[in-house]
Amino acid sequence: MAITVKVMERPLGEVSYVRATLKGLALTLKHLVDPHRVTIQYPEEKWDLSPRWRGTHRMLTTEDGSAKCVACGLCPTVCPANCIKLVPGEDEAGNRYPLVFEIDEFRCIFCGYCQEVCPEEAIHMGRHYENAEFNRARFVYDLERLTAQTHPVSELWDPAHPRGE
Amino acid sequence: MTPLDPNQLPPSAFVFLIATVVKMLAIFTLYMVVVAYTTLAERKVSAWIQDRHGPNRVGPWGLFQVLADGVKNFMKEETMPGDVNKPLFILAPALAFTTAMIAWAVIPFGAPMPTPWGRIDLVVANMPIGFLYVLAITSLGVYGIVLAGWSSNNKYALLGGLRSSAQMISYEIAMGMSTVCVLLMAGNVSLTAIVAQQQATNYNIVLISVAAFIFLVSAFAETNRVPFDLPEAESELIAGYHAEYSGMKFSMFFIAEYANVITASAMFVTLFLGGWDIPFTTWDNTGQATVLKSLATFAMFAFKLYSFVFFFIWIRWTLPRFRYDQLMSLGWKLMLPTALAYIVIVASAVLALDASGIARTSRLFWMAMGAMNLVLVMILFVILDRGRVISPASSRLQRADVQRLRAATDARSTLSPGETH
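On a predicted model such as this, the values are computed, not experimentally measured, just so you know. (Residues numbered from 1 in each chain as written. Chains lettered and ligands numbered in written order. Predicted model: local features only at pLDDT ≥ 70, side-chain atom pairs only at ≥ 80, totals over all residues.)

J.: Mind showing me how you'd approach helix α3 (residues 86–102) of chain B here?
T.: Three or four residues apart is the spacing at which side chains of an α-helix point the same way, because the helix has 3.6 residues per turn. Residues and elements named next belong to chain B. Helix length check: α3, at 17 residues, gives a terminal C-alpha distance of 25 Å against a target of 24 Å (1.5 Å per residue), a fit within 8%. At A92, α3 shows its largest kink, close to 25 degrees, and the proline P93 lies no more than four residues downstream. Among the residues of α3, those classed as buried are F89, A92, P93, L95, A96, F97, T99, A100 and M101. Those residues of α3 hidden inside the fold are in contact with α4 (130–151) and α10 (247–272). (Helix = DSSP H or I, 4+ residues; strand = E, 2+ residues; numbered from the N terminus. Expected span 1.5 Å × (residues − 1). Bend = angle between axes of the 7 residues up to and from the residue. Buried ≥ 20, exposed ≤ 12 C-beta atoms within 10 Å, placed from the backbone. Contact = placed C-beta atoms within 7 Å.)

See the structure below:
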């Protein structure tokens, strides 16, 4: 069998060119004079982030300004992307603290497990998205930078919340 | 009605020379600015139609966007693809740009301005050959596009150039034929005379509406604008004839496109909408010429022109592109015969009205022509609306014929007995 080309039969009785053109012109004019603009003018206006938005990390601090982290090692253990580098230290009183705490934000997959697992509520995902830098090295956030950041932090999933399910 | 200011003398040769140079510079500057801002207007109107904001970052409401674009285009690297025909590759944008520019020279844009040194016509070159010059120059514009397509050594560019030449030549005929009706009305091809005729009777869009419609459609095709932008159809030909161009050379094609839009609008306004005449008053074209009248008529011309440019933009962001065979069938099977038939109708009507002693300037003349046109336009639109002329070839086949053709094809391709796959 040869391939038969399907010939569409046009409904010539119902087609319209002039009327359809005028209808189209009326529609575009309607939008021209009464625009329904939904564009957000980015640098001036910003999108409201969800309370559970997971952006780049932030380390919360105690009243004296030091990191809340006790270097328990849970977050590097749970991290599926292996992006947290933690070297624990201990002071004279026997309190553990992080000597080195670095998060490679390029490796991070923003799953939020580190925040969920943290017993001290120290490391948090941030509600933040403006992360541009001029070089790659700047994307490894060290402890100083993580504590210095001030943007709001992400909330954990709360099953009790009406919208939590 | 008396023509404007018959007593004031035309200027001396020296003043004429100076005035022409001043007019050239002024018009060129104004034209470039208007072209630049038309690109902004297009982007703004398209944005508003699509519920967006459009360019709004450079300056207040994005008004300096055109400067930014200009600087960007000048700073950009100009690439020269391998194996291009260099002289033609460089010549093509210049040709497109120049022809788009110089077509403007004959368009009158205001009432004559009285000066202490004599009367200055507000037209760069008041040529007696008028719109014939415009038709000649706009048809030169096709060379820019064809040469760009040819010299680029790119199959898409070549196809764009080919389409463009076919399209522009086809629609030029319909356009020329529609202007014959204007000639029948004015008895002159000089654009100044055509404006004067429209002031004396009524606007040509009332007198010869069908010709105005044909001119309008042809103007869209001539300027390669949607719905006839086949030469640069992005979805099929990348960017068509200017696919290989970059930097300022590309920009020159872009400027040429908008310059063509403005020239086509100016031609439509002059031929069919009374040019610089202010409607519903004879204040502007009788009695003593004053500077105020010149300025007012210039403003009126700019207003009419820009309304029409807006119409171009509005159409562009409303209609989809025609298919190539639809474009050709519309041009050759509908526009051209209609234009030819309309010339006969208008000529007969004018002859009949003249023979029955109705003066061209009388109210009865334009009312009779207008009534005739109303009927003709309605008939034309009803025919167009049914889409039989623009529909593809297959849809015009009878159902029985389609089945017969299919049966014939099947019979031809049936395998002979014993042959198997």
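J.: Even after reading the chapter, I still don't get the confidence of the model for chain A, so can you show me in this structure?
T.: Detail in the predicted coordinates should be disregarded across regions flagged by low pLDDT. Averaged over all residues, the pLDDT of chain A is 85; the fraction at 70 or higher stands at 91%. By mean pLDDT, helix α1 (residues 18–33) of chain A is the weakest element of chain A at 87, and helix α2 (residues 74–78) of chain A is the strongest at 91. (pLDDT = per-residue confidence, 0-100.)

J.: It is not clear to me how the nonpolar core should be interpreted in this structure. Could you clarify?
T.: One recurring pattern in soluble globular proteins: nonpolar side chains tend to sit buried together. Core analysis: the biggest nonpolar cluster contains 100 residues, and A96, I208, A211, I214, F215 and F268 of chain B have the highest contact counts within it. When residues in this core are grouped by element, the largest group, 16 residues, is from α10 of chain B. Look past the residues within four positions of F268 of chain B in its chain and what remains in contact with it is F215, L216, A219, L273 and F308 of chain B. By size, the runner-up hydrophobic cluster in this structure holds 17 residues, among which are A67, C75, C79 and F101 of chain A. (Core = buried A, V, L, I, M, F, W, Y, C linked by C-beta atoms within 7 Å.)

J.: Is there a simple way to explain the sheet that holds strand β2 (residues 84–90) of chain A in this structure?
T.: Backbone hydrogen bonds are what pair the strands of a sheet, in a parallel or an antiparallel way. Residue and element names in this part refer to chain A. With antiparallel pairing, three strands are arranged side by side in an open sheet as β2-β3-β5. Edge strands, defined here as strands with exactly one partner in the open sheet, are β2 and β5 (140–141). As paired elements, strand β3 (residues 96–104) and β5 share two bridges and run antiparallel to each other. Across the sheet, residue I103 finds its bridge partner in β5, namely Y141. (Pairing = 2+ DSSP bridges.)

J.: Explain the environment of P81 of chain B to me, please; I cannot follow it from the model alone.
T.: Residues and elements named next belong to chain B. Checked against the element boundaries, P81 lands in the loop between α2 (65–75) and α3. Between the alpha carbons of P81 and S152 there is a distance of 7.6 Å; along the sequence they are 71 residues apart. Residues within four places of P81 in sequence aside, it is in contact with S152, N153 and E244.

J.: Could you clarify how one ought to interpret the packing of helix α1 (residues 13–49) of chain B against α10 of chain B in this entry?
T.: What describes two packed helices is the angle between their axes and the distance between those same axes. Residues and elements named next belong to chain B. Here α1 crosses α10 at 100 degrees, and the two axes come no closer than 9 Å. Looking at the two axes, α1 sits roughly perpendicular to α10. Taken together, the residues of α10 that come into contact with α1 (itself represented by V34, V35, T38 and T39) are I255, Y258, A259, V261 and I262. Partitioning the contact of α1 with α10 into residue classes produces seven nonpolar, two polar and no charged. (Axes fitted to C-alpha atoms, helices over the stretch in contact; angles between N-to-C directions. Parallel < 35°, antiparallel > 145°, perpendicular 65-115°, else oblique. Nonpolar A, V, L, I, M, F, W, Y, C, P; charged D, E, K, R; others polar.)

J.: Looking at this model, I keep getting lost on the pairing of strand β1 (residues 55–59) of chain A. Mind explaining?
T.: Each regular strand displays side chains that alternate between the two surfaces of the sheet. Residues and elements named next belong to chain A. The buried count for β1 comes to four of five residues, which makes it a mostly enclosed element. Judged from the four bridges that link them, β1 and strand β4 (residues 123–126) form a sheet pairing that is antiparallel. Paired with M59 across the strands is I123, a residue of β4.

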